[in-house]
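Chain by chain, the residues:
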Amino acid sequence: MAGSSSASELDGLQKAATLLITLGPEKASVIFKHLKEDEIEQLTLEIANTRSVSPAQKEKVMDEFYQVCLAQQYIAEGGIGYAKDLLQKALGQEKANEVLGKLTASLQVRPFEFIRKTEASQILNFIQDEHPQTIALILSYLSPQQAAGIIGALTPDKQTDVAKRIATMDRTSPDVVKEVENILEQKLASLVSQDYTIVGGVDSVVEVLNTVDRGTEKHIMENLEIEEPELADEIRKKMFVFEDILMLDDRSIQRVLREVENGELAVALKNANEDVQNAIFNNMSTRLADMIREDMEYMGPVRLKDVEEAQQKIVNVIRRLEDSAEIVISRGGGDEIIV
């Protein structure tokens, strides 16, 4: 039990219990809200079995907790390398490595953290000549904005290949991740989680394609439709959904509405959230908005399939108008990335 051990001998559960005892019931209750039921049960039992906590134990546990919090803050600010440099200056090399080891083991710091803070153009210089599978793995760990900047600067034949590999990527062994990190000449391998890491997938490539410039997106999708028609169809369905109409400005929404029948719009809005409904109603006359609201009220229950089909027709109108440059979809800043 915590009350009969020295501070250096406490295990993780005992340290957590000691920390919560030290913080007091008010702060501990806030922490409990973020824990799983079994964790709460274990901690509650440990706290109940802890007879006393000496001032020395409290101080040591609080100090360790503070160091880990500090390390986490440094990682968020500048990545693993930045955190390691600052901690080594403050705590010495051995202690810094110990703190980072605890943090990465518990929080599973993402691989390639060191390049998530790097400009897309610099990353491109590192990876543009690598195998498409290697590029796909790296891009899967980056933000959609970074990945979009890089994939947009690859050669046209590589763009489709890399996008396809991101979409079909499932689980990647930590050994492979380590090998790729070594290719980039970084020493992050010891901090990589030993669990298999799920990366990539259709959602990942959709995020990238929604961020990249329209020309690159069209090129990739056209090639995927030839090479992998089922995959292309799955990606296209997720790329721009009806709720994304909120990404359009008022003028664009008004242009879209000119192409949509009122009856179709009433069905599409039947299952839409309030923000989407307001965005559309605010861009038509009060009289027309009242008419459509009345249609929605009196049409009664509508099959979800019919609602989805009506929404998809409107999405198709939006994509057609974007292709003809009559409207612009806000694409999260991807168009401005220069590499």
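Peer 1: Residue-level account of the packing of helix α7 (residues 132-141) against helix α9 (residues 156-168), with values.
Peer 2: Relative to each other, α7 and α9 sit at 60°, their axes nearing to 8 Å. Taken as axis vectors, α7 and α9 run oblique relative to one another. Considering the relative orientation of α7 and α9, their crossing is right-handed. Between α7, through Pro-132, Gln-133, Ile-135, Ala-136, Leu-139 and Ser-140, and α9, the contact on the second element is made entirely by Lys-158, Asp-161, Val-162, Arg-165 and Ile-166. For the contact of α7 with α9, the class distribution of residues is six nonpolar, two polar and three charged.

Peer 1: A description of the packing of helix α15 (residues 262-269) against helix α18 (residues 304-323) should follow, citing residues and the corresponding values.
Peer 2: Relative orientation of the contacting elements α15 and α18 amounts to 120°, with a least axis distance of 8 Å. Between α15 and α18, the angle falls in the class oblique. Note on packing geometry: the crossing formed by α15 with α18 is left-handed. Between α15, through Glu-264, Leu-265, Val-267 and Ala-268, and α18, the contact on the second element is made entirely by Asp-306, Val-307, Ala-310, Gln-311, Lys-313 and Ile-314. A class-by-class count of the residues in the contact of α15 with α18 yields six nonpolar, one polar and three charged.

Peer 1: Can you explain the packing of aromatic side chains? Please cite residues and give values.
Peer 2: For the structure on display, the rule yields zero aromatic pairs. The ring of Phe-281 carries the charged tip of Arg-293 above its face, separated from the ring centre by 4.0 Å.

Peer 1: Describe the pattern of salt bridges, and please don't skip the residues or the numbers.
Peer 2: Taken as a whole and judged by the stated rule, the model has ten salt bridges. Between Glu-259 and Arg-320 there is a salt bridge, with its nearest N and O atoms 3.3 Å apart. In this pair, Glu-259 is assigned in the loop between α14 (250-257) and α15 and Arg-320 in helix α18, connecting sequence segments 61 residues apart. Relative accessible area serves as the criterion here: at 35%, Glu-259 is assigned to the partly exposed category. Looking at Arg-320, the relative accessible area reads 44%, which means it is partly exposed. Notably, a salt bridge pairs Asp-290 with Arg-293, separated by 3.6 Å at the nearest N-O pair. Taken together, the positions of Asp-290 and Arg-293, both in helix α17 (residues 286-298) and three residues apart, correspond to about one turn of that helix.

Peer 1: Describe the nonpolar core, with residues and values.
Peer 2: Core analysis: the biggest nonpolar cluster contains 33 residues, and Leu-139, Ile-150, Ile-151, Val-162 and Ile-235 have the highest contact counts within it. Elements that contribute at least two residues to this core include exactly α6 (120-127), α7, α8 (144-151), α9, α11 (202-211), α12 (214-227) and α13 (229-239). Among the elements that make up this core, the one with the highest residue count is α7 (six residues). When near neighbours in sequence (up to four residues on either side) are disregarded, Leu-139 contacts Ile-127, Ala-147, Ile-150, Ile-151, Val-162 and Ile-166. One finds Phe-242, Ala-279, Phe-281 and Ile-318 within the second-largest nonpolar core, a separate group that totals 31 residues.

Peer 1: Outline α15, listing residues and values.
Peer 2: Within α15 the residues assigned to the buried category are Leu-265, Ala-266, Val-267, Ala-268 and Leu-269. Those residues of α15 that are buried are in contact with α14, α16 (274-281), α17 and α18.

Peer 1: Can you explain unusual backbone geometry? Please cite residues and give values.
Peer 2: Across residues other than glycine, the phi torsion is negative in most instances, and most of the peptide bonds are trans. Residue Ala-325 is not a glycine yet carries a positive backbone phi of 65°. Accessibility expressed as a relative area gives 64% for Ala-325, which makes it exposed.

Peer 1: Give me the lowdown on the confidence of the model for the protein, citing residues and values where you can.
Peer 2: When pLDDT is averaged along the protein, the result is 75, and 75% of the positions lie at 70 or above. In the predicted structure, residues 105-109 sits below a pLDDT of 50 and forms eight contacts with residues beyond four places in sequence or in another chain. In the predicted structure, residues 332-339 sits below a pLDDT of 50 and forms 16 contacts with residues beyond four places in sequence or in another chain.

What counts and how
- Residues numbered from 1 in each chain as written.
- Predicted model: local features only at pLDDT ≥ 70, side-chain atom pairs only at ≥ 80, totals over all residues.
- Heavy atoms only, no water.
- Axes fitted to C-alpha atoms, helices over the stretch in contact; angles between N-to-C directions.
- Helix = DSSP H or I, 4+ residues; strand = E, 2+ residues; numbered from the N terminus.
- Parallel < 35°, antiparallel > 145°, perpendicular 65-115°, else oblique.
- Left-handed = near helix turned anticlockwise from the far one by under 90°.
- Contact = heavy atoms within 4.5 Å.
- Nonpolar A, V, L, I, M, F, W, Y, C, P; charged D, E, K, R; others polar.
- Phe/Tyr/Trp six-rings, centres within 6.5 Å; stacked < 30°, edge-to-face > 60°.
- Lys NZ or Arg CZ within 6 Å of the ring centre and 35° of its normal.
- Salt bridge = Lys/Arg side-chain N within 4 Å of Asp/Glu carboxyl O.
- Buried < 20%, exposed > 50% of the residue type's maximum accessible area, 1.4 Å probe, protein only.
- Core = buried A, V, L, I, M, F, W, Y, C linked by side-chain atoms within 4.5 Å.
- pLDDT = per-residue confidence, 0-100.

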